[in-house]
Amino acid sequence: MTEATAALKPRVLRMHSLDNVAIVVNDGGLPAGTTIDGGLVLRDKVPQGHKVALQDLAQGHAVIRYNVPVGYARQAIAAGSWVHERLLDIPPARELQGLPMASVKALPQDRLEGYTFEGYVNANGAVGTRNLLGITTTVQCVAGVVKIAVERIERELLPLFPNVDGVVGLEHTYGCGVAIDAPGAEIPIRTLRHISLNPNFGGEVMVVSLGCEKLQPDRLLPPGSFPIQDAREKDQGPDLVCLQDDAHVGFMSMIEHIVQSARPHLERLNARQRQTVPASELVVGVQCGGSDAFSGVTANPAVGFMADLIVRAGGTVMFSENTEVRDAVEQLTSRAATPEVAEAIVRELGWYDRYLERGRVDRSANTTPGNKAGGLSNIAEKAMGSIIKSGTSAIAHVLPPGEKLRPDQKGLVFAATPASDFICGTLQLAAGMNLHVFTTGRGTPYGLAECPVIKVATRSDLAHRWHDLMDMNAGRIADGEISIEEAGWELFRMLLDVASGRQTWAERWKLHNALVLFNPAPIT
Ligand code: CA
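It should be emphasised that the depicted structure is a prediction, and the values quoted were computed from it without experimental measurement.

1. Some points on the nonpolar core
Okay, so step 1: One finds Val-284, Met-306, Ile-345, Phe-414, Val-437, Leu-491 and Leu-495 to be the most contacted residues of the largest nonpolar core, which totals 67 residues.
Okay, so step 2: Ranked by residue count, the leading element in this core is helix H16 (residues 484-499), at nine residues.
Okay, so step 3: Split by domain, the residues of this core number at least three in each of domain 1 (3-89) and domain 3 (284-509).
Okay, so step 4: Excluding residues within four positions of it along the chain, Leu-495 makes contact with Val-284, Met-306, Ile-310, Leu-435, Val-437 and Ile-454.

The structure is reproduced here in structure tokens:
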């Protein structure tokens, strides 16, 4: 088939085998009279991204997409018709009362055995995908000094320690000028603590503080919260450089002190080797940003299939983004593994509802004219396009923002975070993420210094234009080249390669977005 005839071939995509609608993927949509797969003839012109009925739907019949009702037929809809939002009665936006709790038994899935990657096993059993020295900071005041010290460590020390992948100054804007005892302040503080303990930093904790800041080192890392590498640390807390120490005479003595402090950490990190570990050691954070009408059609369903594979392999997948899942909350509570997990989902989303109300904003997830033009009939359908990244497994755990997963918390996790790309990524790092998967339709060059980010394009034109920024092209699903399942397997295998050391494009170009803390407490 030539490219031109391939482009003309009518293509529709069904998100789930039980769906009674499919999505038209051709540019410009498909005209009435077109015969689609299975011999069905379109009765109407159906725009790109919109739904076509695959069977006759009686009045009141549920319209099923993602194996979920996204509306109810307001009148009889014949097979081959365009199912636009004026034909649908919309499921009402859900309050947080009277939800179905752990009511759906996830289909049993065969355990996947034999998949492995080459990772760095830490003393506490967690596994890193990169071997990095993280330099924790207590306050933004020290950021400039740490940046220059990191440059010197990279220039002078890293060449001596070839097994170490890099040095990361954990810069942030917290630490002083904040209401540190206010309700909510524990979120940014525990986020910073837990990022210091991310598996990609090998259990080495090194802190640079100013001295007079509100967030003192022993509040950031109280005794018992960090691994002891050095006899000294037992009594004195983590390895600490305090810039206001009397011993520092002049700027260069601060730099020298930080550089010399880094050396024993680098020596220990350098002695580590990658070793073969089961895929169950993956802790994958998924999110989307710069979404388009194809996010919920190509990339997010492929990520969902991959998420099921990770869970079947015994690993951990986190999905997040409160405001993007809120309007299909009953899909989350019903999929919870236990009533306790369902209650935790309600608790986190309820807390977030009240947080938004305090700021006098609603969640604004009602469909926009742009969403409707793109084929999304209502808020539940829009939210399902995001939730589909989580696959079909039962939700095993819920993690509040800034908290860290315990080693026994495997499987599918709802890590409750804002949808902001940087804040979500920062909180997933704190949770213990060792691999990040990010889908985008409009395109974003997002990347993190702390963890590899695999970026998945929703459309082929983005993947082609940004050929050295996108790691995978899920647009091939819309082009008819691969199925959602094949894309999910491809992504799963790519994850194992990247976890074993293969660089992503964001790593190749050193694209590092800032850590952005979620701080619901006041600034002073
Ligand atoms: Ca996002």
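Structure's up, so let's keep going.
2. Comments concerning the sheet that holds strand S8 (residues 116-121)
Okay, so step 1: Read from one edge to the other, the open sheet built from three strands follows the order S9-S8-S14, with strand pairing classed as antiparallel. Whereas interior strands pair on both sides, the edge strands pair on one side only; in this sheet they are strand S9 (127-128) and strand S14 (275-278).
Okay, so step 2: With four bridges connecting them, S8 and S14 associate as antiparallel partners. Within S14, the residue paired with Thr-116 across the bridge is Pro-278.

3. A short note on the packing of aromatic side chains
Okay, so step 1: By the definition in use, this model includes twelve aromatic pairs.
Okay, so step 2: Relative to Tyr-352, the ring of Trp-351 has its centre 6.4 Å away and its plane inclined at 45°; by these criteria the two rings are tilted.
Okay, so step 3: The class for Trp-351 is partly exposed, based on a relative accessible area of 27%.
Okay, so step 4: Tyr-352 gets classed as buried once you look at its relative accessible area, which sits at 8%.
Okay, so step 5: Considering the side-chain rings of Trp-351 and Phe-518, the 6.1 Å spacing of their centres and the 90° angle between planes classify their relative orientation as edge-to-face. In this pair, Trp-351 sits in helix H10 (residues 339-358) while Phe-518 sits in the segment after helix H17 (505-508), placing the two residues 167 residues apart along the sequence.
Okay, so step 6: By relative accessible area, which is 4% here, Phe-518 ends up buried.
Okay, so step 7: The side chain of Arg-459 reaches across the aromatic face of Phe-294, ending 4.2 Å from its centre.

4. A short note on the packing of helix H2 (residues 143-157) against helix H6 (residues 251-270)
Okay, so step 1: At a closest axis distance of 9 Å, the pairing of H2 and H6 adopts a crossing angle of 55°. Considering the angle they form, H2 stands oblique to H6. In this structure, H2 crosses over H6, and the sense of that crossing is right-handed. In this structure, H2 uses Val-145, Ile-148, Ala-149, Arg-152, Ile-153 and Leu-157 to contact H6, whose residues at the interface are Phe-251, Met-252, Met-254, Ile-255, Glu-256, Ile-258, Val-259, Ala-262, Arg-263 and Leu-266.

5. Points about the environment of Val-145
Okay, so step 1: Positionally, Val-145 belongs in helix H2.
Okay, so step 2: With relative accessibility at 14%, the residue Val-145 sits in the buried group.
Okay, so step 3: Residues Val-145 and Arg-74, 71 residues apart in the sequence, show an inter-C-alpha distance of 64 Å.
Okay, so step 4: Other than its neighbours up to four places away in sequence, Val-145 contacts Leu-243, Phe-251, Met-254, Ile-255 and Ile-258.

6. Side note on the pattern of salt bridges
Okay, so step 1: Evaluated as defined, the whole model comprises 19 salt bridges.
Okay, so step 2: One salt bridge connects Lys-389 with Glu-321, and the closest N-O pair in it is separated by 3.0 Å. Linking Lys-389 in the loop between helix H12 (379-387) and strand S17 (395-399) with Glu-321 in the loop between strand S16 (316-319) and helix H8 (322-325), this pair joins segments that are 68 residues apart in sequence. Note on accessibility: Lys-389 and Glu-321 belong to one class, buried.
Okay, so step 3: Taken together, the shared-partner salt bridges in this structure form one network comprising Lys-51, Arg-65 and Glu-381.

7. Focus on the domain arrangement of the protein chain
Okay, so step 1: Considered domain by domain, the protein chain is made up of domain 1 (3-89), domain 2 (132-270) and domain 3 (284-509).
Okay, so step 2: Here the C-alpha centre of domain 3 lies 25 Å away from the C-alpha centre of domain 1.
Okay, so step 3: Summing both partners gives a buried area of about 1,600 Å² for domain 1 against domain 3, and 58% of it is carried by carbon and sulfur.
Okay, so step 4: Put simply, domain 1 and domain 3 have two salt bridges between them.
Okay, so step 5: The salt bridge partner of Lys-51 is Glu-381, with a shortest N-O separation of 3.0 Å.
Okay, so step 6: The interface formed by domain 1 and domain 3 holds ten residue pairs in polar contact (both at pLDDT 80 or more) in total.

8. Here's the deal with the environment of Val-259
Okay, so step 1: Along the chain, Val-259 falls in helix H6.
Okay, so step 2: Relative accessible area serves as the criterion here: at 2%, Val-259 is assigned to the buried category.
Okay, so step 3: In sequence terms Val-259 and Val-146 are 113 residues apart; their C-alpha atoms lie 9.6 Å from each other.
Okay, so step 4: Beyond its immediate sequence surroundings of up to four residues, Val-259 is in contact with Ala-149, Arg-152, Ile-153 and Leu-157.

9. A few points about the environment of Val-456
Okay, so step 1: One can find Val-456 in strand S20 (residues 453-457).
Okay, so step 2: Residue Val-456 is classed as buried on the basis of its relative accessible area of 0%.
Okay, so step 3: Discounting chain neighbours no more than four positions away, the residues touching Val-456 are Ala-299, Val-437, Phe-438, Thr-439, Thr-440, Met-470, Met-472, Ala-474 and Leu-491.

10. Observations concerning the packing of helix H3 (residues 186-196) against helix H13 (residues 421-431)
Each pair of packed helices gets described by two things: the angle between the helix axes and the distance between those axes.
Okay, so step 1: One way to put it is that H3 packs onto H13 with a least axis distance of 7 Å and a crossing angle of 60°. Classified by the angle their axes make, H3 and H13 are oblique. Crossing handedness for the pair H3 and H13: left-handed. Counting all contacts with H3, which are made through Thr-191, His-194 and Ile-195, the residues of H13 involved are Thr-426, Leu-427, Leu-429 and Ala-430.
Okay, so step 2: Its residues assigned to classes, the contact of H3 with H13 comprises four nonpolar, three polar and no charged.

Basis of the calculations
Residues numbered from 1 in each chain as written. Predicted model: local features only at pLDDT ≥ 70, side-chain atom pairs only at ≥ 80, totals over all residues. Heavy atoms only, no water. Core = buried A, V, L, I, M, F, W, Y, C linked by side-chain atoms within 4.5 Å. Buried < 20%, exposed > 50% of the residue type's maximum accessible area, 1.4 Å probe, protein only. Helix = DSSP H or I, 4+ residues; strand = E, 2+ residues; numbered from the N terminus. Domains from an automatic or database assignment. Contact = heavy atoms within 4.5 Å. Pairing = 2+ DSSP bridges. Phe/Tyr/Trp six-rings, centres within 6.5 Å; stacked < 30°, edge-to-face > 60°. Lys NZ or Arg CZ within 6 Å of the ring centre and 35° of its normal. Axes fitted to C-alpha atoms, helices over the stretch in contact; angles between N-to-C directions. Parallel < 35°, antiparallel > 145°, perpendicular 65-115°, else oblique. Left-handed = near helix turned anticlockwise from the far one by under 90°. Salt bridge = Lys/Arg side-chain N within 4 Å of Asp/Glu carboxyl O. Buried area = accessible area lost by both parts, 1.4 Å probe. Polar contact = N/O pair within 3.5 Å; in protein donor to acceptor, adjacent residues only side chain to side chain. Nonpolar A, V, L, I, M, F, W, Y, C, P; charged D, E, K, R; others polar.

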